[in-house]
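Below, each chain spelled out in residue letters.
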Amino acid sequence: MKLVLERLQLSPAFTIGQLTADGVWECWTLEDQVRPEGETKVPGKTAIPYGAYKVVRNLSRRFKRLMLQILDVPNFEGIRFHGGNTAADTKGCILVGLNRYSDHISRCAPALAALEGKVFKALDAGEDVTLEVTVPQPGDVLA
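Now for a quick tour of the structure. Please read all numbers here as calculations on a predicted model, not as lab measurements. (Residues numbered from 1 in each chain as written. Predicted model: local features only at pLDDT ≥ 70, side-chain atom pairs only at ≥ 80, totals over all residues. Heavy atoms only, no water.)

A count of helical and extended segments in the protein chain gives one helix and ten strands. Ordered by position in the sequence, the α and β elements of the protein chain form the string β-β-β-β-β-β-β-β-β-α-β. Computed over C-alpha atoms, the radius of gyration of the protein chain comes to 14 Å, within 12% of the 15 Å expected from 2.2 N^0.38 for 143 residues, which places it in the range of a compact globule. The dimensions of the protein chain, computed from C-alpha atoms along their principal axes, are 40 × 30 × 25 Å. Looking at the protein chain residue by residue over its 143 residues, the buried ones come to 47%. The long-range fraction of contacts in the protein chain, counting pairs at least 24 apart against all pairs at least 6 apart in sequence, stands at 51%. A total accessible area of about 7200 Å² is found for the protein chain, and carbon and sulfur atoms account for 55% of it. Averaging the positions of the 17 positive and the 17 negative side-chain charges in the protein chain gives two centres separated by 7 Å. (Helix = DSSP H or I, 4+ residues; strand = E, 2+ residues; numbered from the N terminus. Rg over C-alpha atoms; globule rule 2.2 N^0.38 Å. Buried < 20%, exposed > 50% of the residue type's maximum accessible area, 1.4 Å probe, protein only. Contact = heavy atoms within 4.5 Å. Areas by Shrake-Rupley, 256 points an atom, 1.4 Å probe, with all protein chains shown as cover. Lys, Arg positive; Asp, Glu negative; His and termini not counted. Charge placed at Lys NZ, Arg CZ, Asp CG, Glu CD.)

A few words on the sheet that holds strand β1 (residues 2-10). Read once around its circumference, the closed barrel built from eight strands follows the order β1-β2-β3-β7-β6-β5-β4-β10, with strand pairing classed as mixed. Strand-to-strand, the axes of this sheet are offset by a mean angle of 35 degrees, without reference to chain direction. Sheet topology places β1 next to strand β2 (residues 15-21); seven bridges connect them, and they run antiparallel. Note on β2: the bridge partner recorded for L10 is T15. (Pairing = 2+ DSSP bridges. Axes fitted to C-alpha atoms, helices over the stretch in contact; angles between N-to-C directions.)

Let's shift gears to the pattern of salt bridges. Pairing is possible between side chains that carry opposite charge, provided their charged atoms lie close to one another. A complete count under the given rule lists five salt bridges for this structure. One salt bridge connects E132 with K2, and the closest N-O pair in it is separated by 2.9 Å. One end of the pair, E132, is in strand β10 (residues 130-134); the other, K2, is in strand β1, and 130 residues separate them in sequence. For E132, a relative accessible area of 29% puts it in the partly exposed group. Classification of K2 as partly exposed rests on a relative accessible area of 40%. Between E26 and K118 there is a salt bridge, with the nearest N and O atoms lying 2.8 Å from each other. You can see E26 sitting in strand β3 (residues 24-31) and its partner K118 sitting in helix α1 (residues 108-124), a full 92 residues away along the chain. A residue is classified by how much of its surface remains accessible, and E26, at 7% relative accessible area, is buried. (Salt bridge = Lys/Arg side-chain N within 4 Å of Asp/Glu carboxyl O.)

A few words now on the environment of V34. Counting through the fold element by element, V34 comes out in the loop between β3 and β4 (51-60). Taking the relative accessible area as the measure of exposure, V34 reaches 23% and is therefore partly exposed. In sequence terms V34 and T134 are 100 residues apart; their C-alpha atoms lie 12 Å from each other. Other than its neighbours up to four places away in sequence, V34 contacts R7, L10, T15, A47 and Y50.

Turning our attention to the packing of aromatic side chains. This structure, assessed with the given rule, holds one aromatic pair. Measuring from ring centre to ring centre gives 5.6 Å for W25 and W28, while their planes differ by 70 degrees; the resulting arrangement is edge-to-face. Judged by relative accessible area, which is 18%, W28 ranks as buried. A cation over a ring is seen here: R7 above Y50, with NZ or CZ 4.7 Å from the ring centre. A cation sits over an aromatic face here: R100 above W28, 5.1 Å from the ring centre. (Phe/Tyr/Trp six-rings, centres within 6.5 Å; stacked < 30°, edge-to-face > 60°. Lys NZ or Arg CZ within 6 Å of the ring centre and 35° of its normal.)

Our next topic: the side chain of H82. With respect to the element layout, H82 can be found in strand β6 (residues 79-82). Discounting chain neighbours no more than four positions away, the residues touching H82 are R62, F63, M67, D89, T90, C93, I94, L95, V96 and L112.

In terms of nonpolar packing, the biggest core is built from 27 residues, with L3, I48, I70, F81 and L131 touching the most fellow members. Sorting the residues of this core by element identifies β1, β2, β4, β5 (65-70), β6, β7 (94-97), α1 and β10 as the ones contributing at least two each. For F81, the residues in contact, after removing those within four places along its chain, are L3, L19, M67, L68, I70, I94, V96, L112, L115 and L131. Listed in part, the nine residues of the second largest apolar core include L8, W28, A87 and L95. (Core = buried A, V, L, I, M, F, W, Y, C linked by side-chain atoms within 4.5 Å.)

Shown next, in the form of structure tokens:
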């Protein structure tokens, strides 16, 4: 399964994007701000770098349940998909939601349940799951 995160709205305070699963729209995303290319990720302050990552399921000590984790983020560990509405909720992770607003997302619980259901099923079937975070292209909606 291939997840693709396309960042659409970049601001100094947050980043909003959309996530697809095998080419089908899945949900909106919210992250911390994107740092300039070549700068090191700052935990709790900046989004993960553009690139491709492996996604696994494992136990989160913080949330006390099985969750999706994004592996091999340079200079950082513990990046997960989880619910939340604003950049204050992310601490460097990728938040998911079904509704998008100018500076936040909502309906996180159903978005997370649907994403985890699809990805857990793929992992149970022995599929590799990857996340590609793409660089915005000319013509993408950026604010």
